[in-house]
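Observations on chain architecture
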Amino acid sequence: MTRPSPALACLTLAAALALSSPPARAANPLFPSLYTADPAALVDGQRVYLYVGRDEARPEDRDYVMHEWRVYSSCDMVNWREHGVPLKPTDFAWAKGSAWASDVIKRDGKYYFYATVKHSSIPGFSIGVAVADSPVGPFRDARGSALITNDMTTQTKISWDDIDPGVFMDDDGQAYLYWGNTVLKYVKLKPNMTEFEGPIQTVPVHEFTEAPYLHKRGKTYYLSYATQFPEYIAYMTGPSATGPWTPRGIVMDKNEGTKTIHQAFVDFNGKSYAFYHNAKLPGGGEWRRSVAVEEFRYNADGSLPHIGQTEAGPAPNPAPGCRP
Ligand code: FUB
């Protein structure tokens, strides 16, 4: 009997493995061992960092139970390294809990973590800012007091209208903080990233719910947000970080199982990605959510496409020089 050549033997083995290997784990939701929500993404060098709130609600709970944020990083958008807990609401001495949505930005070698938390003495939700020398923390309170409290804005009476920070720095170094539920607000930040540079402004947006997120591509500014309830992801575009804004429609349809969706858009290693959350992890639900990611391409006219949710998630996109 003649033996197959080594090359043929390799090919045959590869074909057999391809037929017999179980399918690779679906990439979405990204973190199958815990419930996660409210993704915030930061590309730093060749790595992408992903900050999420941990949903700790039990199946019988009827509200969010969120005691900490978690941070992960990836070199390829498929394999994620866990870095633990970079910050907890109780790291702010003036806060009493609720690790709701966050956003993180780098400036002058430091990392600034804007965090929604419940204030312990001023009724309602607040936004604090913490700082670290590393994107994975540990972060410490940068002010010793909340940056934004519920009593600073009076457009609505709800106690949760000052949530969901989205921080952005323009090419000229001017930083902006957008936030809000029901009413969209923004303020310019001083270069120290911890103080206002001017007054709080409001932006009229039809059916704005929450989760504002500002990013820029070329000369176009994209202000995305959650609209309606259950939420869809919608967006507007404009010629500056403060508009004027033109509504551009829906990017992602609402979830089943949870009414929230909370998006973040980044470019990483030459490709574009949308993070969001759904309730698709087994046992998931309204307060037990799971973060997912999709790759997408901008349309030729610069508009965002309609992005569908997939189980497979993005193909691996290994960034050169990044050590997994
Ligand atoms: O996770 C708590 C809240 O639910 C967030 O702050 C909102 O964006 C919504 O996802």
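See above for the structure.
**Some remarks on the sheet that holds strand 10 (residues 166-169)**
Whenever strands of a sheet pair, they do so through backbone hydrogen bonds, lying parallel or antiparallel. Spatial strand order, 10-11-12-13: four strands in an open sheet with antiparallel pairing. The two strands at the open ends of the sheet, each matched to only one other strand, are strand 10 and strand 13 (201-203). Neighbour-to-neighbour, the strand axes of this sheet turn through a mean angle of 25°, independent of strand direction. Examined bridge by bridge, strand 10 and strand 11 (residues 175-179) share four bridges and lie antiparallel to one another. Across the sheet, Gly166 pairs through a bridge with Tyr178, a residue of strand 11.

**Looking at the site of the ligand**
The environment of the ligand is made up of Asp38, Tyr64, Met66, Trp100, Ala101, Asp164, Glu210, Thr260, His262, His277 and Arg289. Within the contact set of the ligand, an oxygen atom lies 2.5 Å away from a side-chain nitrogen or oxygen of Asp38. Within the side chain of Tyr64, one N or O atom sits 3.4 Å away from an oxygen atom of the ligand. Its residues assigned to classes, the shell around the ligand comprises four nonpolar, three polar and four charged.

**Concerning the pattern of salt bridges**
In this structure the tally under the stated criterion is 15 salt bridges. Its salt-bridge partner being Asp91, residue Lys88 comes within 3.6 Å of it at the nearest N-O pair. A single salt-bridge network, built from bridges that share partners, covers Arg54, Glu68, Arg70 and Glu82.

**Topic: the side chain of Glu294**
Relative to the helices and strands, Glu294 resides in strand 20 (residues 290-296). No salt bridge is formed by the buried Glu294; its nearest oppositely charged neighbour, Lys280, is found at 6.9 Å. A polar side-chain atom of Glu294 sits 2.5 Å from a polar atom in the side chain of Tyr276. The contact partners of Glu294, leaving out residues within four places of it in the chain, are Asn28, Met252, Ser272, Tyr273, Ala274, Tyr276, Ile307, Gly308, Gln309, Thr310 and Gly313.

**Remarks on the pairing of strand 12 (residues 184-189)**
Taken residue by residue, a regular strand's side chains alternate between the two faces of the sheet. Burial runs high along strand 12: five of the six residues are buried. Strand direction decides the pairing type here: strand 11 and strand 12, joined by five bridges, are antiparallel. Bridging across to strand 12, Ala175 finds its partner in Leu189. Once strand 11 ends, the chain turns through four residues before running back antiparallel as strand 12, passing Gly180 with a positive phi of about 135°. Across three bridges, strand 12 lies against strand 13 in antiparallel orientation. When the sheet's bridge partners are listed, Leu184 is paired in strand 13 with Val203.

**Brief notes about the sheet that holds strand 18 (residues 264-268)**
One open sheet accounts for three strands, arranged 18-19-20; its pairing is antiparallel. Among the strands making up the open sheet, the edge pair consists of strand 18 and strand 20. On average, each strand axis in the sheet is inclined to that of its neighbour by 30°, with strand direction left out of account. When strand 19 (residues 271-278) meets strand 20, the two strands line up antiparallel, connected through seven bridges. Bridging from a neighbouring strand, Tyr273 pairs with Glu295 of strand 20.

**Observations concerning the state of the cysteines**
Taken as a whole and judged by the stated rule, the model has one disulfide. The partner cysteine of Cys75 in its disulfide is Cys322, sulfur to sulfur 1.9 Å. Between Cys75 and Cys322 the disulfide shows an S-S torsion of about -70°. By sign, it is left-handed. Placement of Cys75 in the loop between strand 3 (69-74) and strand 4 (80-82) and of Cys322 in the segment after strand 20 is noted, with a sequence separation of 247 residues between them.

**Focus: the packing of aromatic side chains**
What the rule picks out here adds up to 16 aromatic pairs. Note on Phe92 and Trp94: the rings are 5.1 Å apart at their centroids and 40° apart in plane angle, and the pair reads as tilted. The pair Phe92 / Trp94 is uniform in exposure class, with both members buried. Taken together, the ring pairs in this structure connect Tyr222, Tyr235, Phe265, Phe296 and Tyr298 into an aromatic cluster. The cationic tip of Arg217 hangs over the ring face of Tyr298; the distance from NZ or CZ to the ring centre is 3.9 Å.

Rules used in this analysis
Residues numbered from 1 in each chain as written. Predicted model: local features only at pLDDT ≥ 70, side-chain atom pairs only at ≥ 80, totals over all residues. Heavy atoms only, no water. Pairing = 2+ DSSP bridges. Helix = DSSP H or I, 4+ residues; strand = E, 2+ residues; numbered from the N terminus. Axes fitted to C-alpha atoms, helices over the stretch in contact; angles between N-to-C directions. Near = heavy atom within 4 Å. Polar contact = N/O pair within 3.5 Å; in protein donor to acceptor, adjacent residues only side chain to side chain. Nonpolar A, V, L, I, M, F, W, Y, C, P; charged D, E, K, R; others polar. Salt bridge = Lys/Arg side-chain N within 4 Å of Asp/Glu carboxyl O. Buried < 20%, exposed > 50% of the residue type's maximum accessible area, 1.4 Å probe, protein only. Lys, Arg positive; Asp, Glu negative; His and termini not counted. Contact = heavy atoms within 4.5 Å. Disulfide = S-S within 2.5 Å. Phe/Tyr/Trp six-rings, centres within 6.5 Å; stacked < 30°, edge-to-face > 60°. Lys NZ or Arg CZ within 6 Å of the ring centre and 35° of its normal.

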